[in-house]
Amino acid sequence: MSELRIAVMGAAGRMGRELVRTVAAAEGCMVAGGTEPAGSKAIGQDIGLLAGLGELGIKVSGDPLEVIANCDAILDFTVPAATIEFAGLAANARIVHVIGTTGLDATHEAAIKAAARHATIVKSGNMSLGVNLLVALTRRVAAALDADFDIEVVEMHHRHKVDAPSGTALMLGEAAATGRKIPLKDHAVRSRDGHTGARRRGDIGFATLRGGNVVGEHTVIFAADGERIELSHKATDRGIFARGAVKAAQWGHGKGPGIFSMSDVLGI
């Protein structure tokens, strides 16, 4: 069986370099290419050297169309505008598009849904096994406890993260809302400042912390009078996300078009 040809979008970034290293080390996979936005100093450089692997003989490209035409799957932890461009190209090429990009709005989601008519899209706010188990647990606990238990989602990331709350925090909030059978958009509280009044029963609160080089920490708190339950996950290595993304690409190869989640990949 031939190796799965995987390209990394945003190959020169911190996550991009981690993805390149993980693809290169994965059995049955090969690094087929990588992209950077026009004007990037990384364009034309060897993708292996950028990732600290030594030369792979593959240059970083500024042309995503060329890269996508020569691979079986792309790993995309970039920015929303780039992700929807890549989704359209992946649809035309009928390949797997693994999306770890966060900060997507309704317009981006609609474009991704349209692309999934032809591309195999695996999309998640977090690719780690542990986080996806946390999502499943959050849904079950929220379903088991009534609104006497207030729900708060607390997340912390490194100082360079540009979106808030994190995609993972929103996944956890959505899981809690699903467990409670309520729409998150009507119950989410993303900020508190000044004289806010008492907490509204049934709300799902979000708290966002930024600092240092924290890879990612998430806690879901269920707080009632006299007791509190906390479900937590702490990531200390970006490799967990990269390994999950490669697993998603392998799982999606040959699946056919549609939008899938890491829960589908992991069977949970």
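Before going into details, it helps to say that this report is about the structure given with it.

Calculation rules
Residues numbered from 1 in each chain as written. Predicted model: local features only at pLDDT ≥ 70, side-chain atom pairs only at ≥ 80, totals over all residues. Heavy atoms only, no water. Pairing = 2+ DSSP bridges. Helix = DSSP H or I, 4+ residues; strand = E, 2+ residues; numbered from the N terminus. Axes fitted to C-alpha atoms, helices over the stretch in contact; angles between N-to-C directions. Contact = heavy atoms within 4.5 Å. Buried < 20%, exposed > 50% of the residue type's maximum accessible area, 1.4 Å probe, protein only. Polar contact = N/O pair within 3.5 Å; in protein donor to acceptor, adjacent residues only side chain to side chain. Expected span 1.5 Å × (residues − 1). Salt bridge = Lys/Arg side-chain N within 4 Å of Asp/Glu carboxyl O.

## Focus on the sheet that holds strand β5 (residues 120-123)
Here's step 1: Sheet architecture is open: six strands sit in the order β2-β1-β3-β4-β5-β11, paired in parallel fashion. Where the open sheet ends on each side, the last strands, each with one partner, are β2 (29-35) and β11 (258-260). Within this sheet the neighbouring strands show an average axis-to-axis angle of 20°, counted without direction.
Here's step 2: This element, helix α4 (residues 80-93), spans β1 (4-9), β2, β3 (73-76) and β4 (96-99) of the sheet and lies at about 160° to β4.
Here's step 3: On top of the sheet, helix α5 (residues 106-115) reaches β4, β5 and β11; it is set at about 145° to β5, its chief contact.

## Some words on the environment of Asp 146
Here's step 1: Along the chain, the position of Asp 146 falls in the loop between α6 (129-144) and β6 (150-157).
Here's step 2: Using a relative accessible area of 45% as the deciding quantity, one classes Asp 146 as partly exposed.
Here's step 3: Separated by 45 residues in the primary sequence, Asp 146 and Thr 101 place their C-alpha atoms 33 Å from one another.
Here's step 4: A polar contact of 2.9 Å, which involves the side chain of Asp 146, links it to the backbone nitrogen of Asp 148.

## A word on helix α7 (residues 167-180)
Here's step 1: The terminal C-alpha atoms of α7, which comprises 14 residues, lie 20 Å apart, in line with the 20 Å expected from a rise of 1.5 Å per residue.
Here's step 2: Taken residue by residue, α7 has Gly 167, Thr 168, Ala 169, Met 171, Leu 172, Gly 173, Ala 175, Ala 176, Ala 177, Gly 179 and Arg 180 as its buried positions.
Here's step 3: Residues of α7 that are buried make contact with α6, β6, α8 (184-187), β8 (204-210) and β9 (216-224).
Here's step 4: One or two residues past the end of α7 sits Lys 181, with phi positive at roughly 60°.

## Notes on the pairing of β1
Here's step 1: For β1, the tally of buried residues reaches five of six residues, placing the bulk of the element in the interior.
Here's step 2: In the sheet, β1 pairs with β2 via six bridges, with the strands oriented parallel. Bridge pairing in β2 links Met 9 to Thr 35.
Here's step 3: With four bridges connecting them, β1 and β3 associate as parallel partners. Considered in β3, the bridge of Val 8 is made with Leu 75.

## Focus: the pattern of salt bridges
Here's step 1: For the structure shown, the criterion picks out 12 salt bridges.
Here's step 2: Note that Lys 185 and Asp 186 form a salt bridge whose closest N and O atoms lie 3.3 Å from each other.
Here's step 3: Relative accessible area serves as the criterion here: at 42%, Asp 186 is assigned to the partly exposed category.
Here's step 4: Through salt bridges with shared partners, one network takes in Asp 150, Glu 152, Arg 192 and Arg 199.

Just distances and angles here, no functional claims.
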